[in-house]
Structure formats: C-alpha cells, structure tokens
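# Descriptive analysis of the structure
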Amino acid sequence: MSIHAFPGRLSTVLIAAFVSLLAACAPAPSELVVYSARNEELVKGIFDRYTQETGQKIQLITDDAAPLIQRLAAEGKNSPADLLITVDAGVLWHAAQLGVLRPIESATLDANIPEHLRDPQNRWFGLTVRARTIVYSTDRVKPEDLDSYESLTDPKWRGKLCLRTSKSVYNQSLVAMLIAQHGEETTEKIVRGWVANLAAPVFANDTSLMQAIVAGQCDVGIVNTYYFGRLQRDDPKIPLRLFWADQRGSGTHVNISGAGVTTNAPRAEQAQKFLEWLSQPGAQSMFAGMDLEFPASPAAQPAEQVAAWGEFKPSPLNVARAGELQPAAVRLMDRAGYL
Ligand code: FE
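This write-up is about the structure you can find in this document. Keep in mind that this is a model prediction, so the values were computed, not measured.

## Comments concerning the pattern of salt bridges
Overall, the coordinates contain 17 salt bridges when judged by the stated rule. Close ionic contact of Arg123 with Asp119 constitutes a salt bridge, the shortest N to O distance being 2.7 Å. You can call Asp119 buried: its relative accessible area is 2%. Note that Arg321 is salt-bridged to Glu324, the shortest N-O span being 3.1 Å. Here Glu324 and Arg321 lie together in helix α13 (residues 320–335), a separation of three residues that amounts to about one turn. The class of Glu324 is partly exposed, set by a relative accessible area of 41%. Salt bridges sharing common partners tie together Arg38, Arg130, Arg230, Asp291 and Glu293.

## Quick notes on unusual backbone geometry
For residues other than glycine, phi is negative in most cases, and the peptide bonds are mostly trans. With phi around 80°, Asp88 is a residue other than glycine that occupies positive phi space. Secondary-structure assignment places Asp88 in the loop between β3 (83–87) and α4 (89–97). Taking the relative accessible area as the measure of exposure, Asp88 reaches 0% and is therefore buried. Although it is not a glycine, Asn122 sits at a positive phi angle of roughly 60°. Among the structural elements, Asn122 can be located in the loop between α5 (107–112) and β4 (125–137). For Asn122, a relative accessible area of 13% gives the class buried.

## Side note on the coordination of the iron ion
Distances from the iron ion to its protein donors, Tyr170 (OH), Tyr226 (OH) and Tyr227 (OH), fall at 1.9 to 2.1 Å. Counting the intervening residues between successive donors of the iron ion yields the motif Y-x55-Y-Y. You can call Tyr226 buried: its relative accessible area is 2%.

Quick notes on the rules
- Residue indices follow the written sequence of each chain, beginning from 1 at its first position.
- Local features in a predicted model are, by the rule used here, given only for residues with pLDDT of at least 70; side-chain atom pairs are given and counted only at 80 or more, and totals for whole chains, interfaces and linings are based on all residues.
- The basis for every side-chain value is the complete set of non-hydrogen atoms in the structure, without hydrogens or water.
- In what follows, salt bridge is the name for a side-chain nitrogen of Lys or Arg lying within 4 Å of a carboxyl oxygen of Asp or Glu.
- Relative accessibility under 20% of the residue-type maximum defines a buried residue, over 50% an exposed one, and the middle range a partly exposed one, all with a 1.4 Å probe and only protein chains included.
- Secondary structure elements are defined from DSSP: runs of H or I of at least 4 residues count as helices, runs of E of at least 2 residues count as strands, and each element is numbered from the N terminus.
- The donor set comprises N, O and S atoms within 2.8 Å of the metal, extended to 3.2 Å for Na, K and Ca; water molecules are omitted, so apparent gaps in a site may simply reflect that omission.

This is how it looks when you write it as structure tokens:
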C-alpha cells in the first residue's frame, strides 16, 4: 500500500458516506415536500389518502407559520419545499408579499374555490373555512338579544363580554375585515365599545374564553367555530351556542386555512396537482372534517356536527383584505386600548 493510497481511500469512503447521508435527508426526487403550519394530526390523514390514491409520496415538515415563511425566503432557489399550508388569510397574504408563493393557472381551482376565498393573483387558495362569530351562554342570553359584532358595544353588555387577546392573528384579521367593511373610524368605535364592555382581562385563547362563559364570568364572546365545535364534541350539553353575527348586514367574518405552491418549488407541477385534488369535494369534506371546519368548496358537505350549527351568510369580502389591513388593525386595536 503506498503512503498516499490510504488517505485517498478514506476520503472516498467518507464522500460515499456523506452522499448517502445526504440522500437519506433529501427527499426522493419525486417526493413532494410540504411546509405545514397546520398540526400533523390535522393534515396527515388526508396526505396519506392522497398517497394511497395516486402513489405520490409526501414529506411533511411542520412548524409555526412565521419560521416556515422565513425559511422559504432564506432558502430561496435551494428550497426543497413545493407547497406551503397554513391558517389565516393574512398569513398567506404576507407570504405572497414576500414572494415565496407563485401564481398558478388552474381551471380546477378556479372552479372549486370561490373567488373571495383565494388570492386575486392566484398565489394561494383557501381550502377550509372557519367563521369567527359570537358565542353565548344559553343560561343567560337569548339569541334575539344578539345581532352584529357592533351590537356587542351596546351598554347592555357592560361587564358581560369576554375577548381573546388582540395579539391573536384571528382577531387582527377580524378587525382588518371590519375596517374593510366600515372604515377605520367606525371600526375604532366598535373596538372601543368592546373594550368598555369587557368582563375580564383578555384571554390567551378561544377555549379558555368559552370556559369563562360556562363558569359565569361573562355571557358573550367572539370565537372561531371549530374551537366551539371541539368543546361541543367533548360535552354535547355544554351551555353555549354559536350566533351568526351580522346576518342583517354584511355577513359573518370568515377566515381560511389554505395553501400555495412555492416560488422555487422543485416539483411545481405535482404540487399543483395535489392542490387541485385537495379542492375536490371528497378531499374537501375530509379535510374540513378533521378540525370541524367548513369546506371551502360549496360542492362539499361539512361534517354533521358542523352542519347542525345552521346555514349562515358569510361576508363576501375577499379574505385577502385581512392581510392588506392587518397593520392598520393592529394600530387601531392598540389605540383603542384592546390588549
Ligand atoms: Fe386555531
């Protein structure tokens, strides 16, 4: 053995080991890579169904939306990701603004997903819908006492309203959509009216807010429908009901979970196929059913429990406005003393 042979052979072995390690980490060329801000338990079942039906394997990487979007931006052309899935139209709007989602032309998506639930520039598409509406105590409130978001500013609700923190993106989107509907001046009056009626400091999440209503700390609140659905599923006799806000006006505020094909997607065509499949009625019902949401496609049925909450008129405003107006909403809530 020459003096040079051993290091040469060693480096060959090391390179081979390194390459196989890379191969183990990197997705197979045909494997779709999805960055998901939705919990694995809420998407895994539907992803597995797609793999069963089509043979398309999917690698799922989950994290919070902000780090996933930052990661997409930082990875740039080297990103392995094909699809971004997250909740909140404002978050999807922000991702599109950062340039990490690409516009796609799809007659299937255009047909299946209503126009107000997708990006006007086709960079993201709503897949499931959640309403953010009024919840009330069936022990202490009659539904005929309720009306719009604005009606919760009435002095009759003094010391009876519970709200989640304004730091929640859900409330930022709700207030952004109220600005889109009423303008800043009226919206600020509404938010100030809510703050004046608070029964307790703001809550960290919708579930603890509803538990406070059950406990008698307050009588009414504003929550996302699926959080109510989870409590109702665990306790069908829970003394709470949903009330569809603003049915005599612009309609109840809705938000989405949705997805977009990434700008640098190595498998953009497969990613678009998967997105189109997710917009079909069968997949829509399954996806919405995972977390008691409404399907985005009007052709799909919601779960029985969700359907039992009754039909309602949703706001027809494009959910992209939530993104455009979120900074103004955050400033407004700050001015109004909504913590
Ligand atoms: Fe949520």
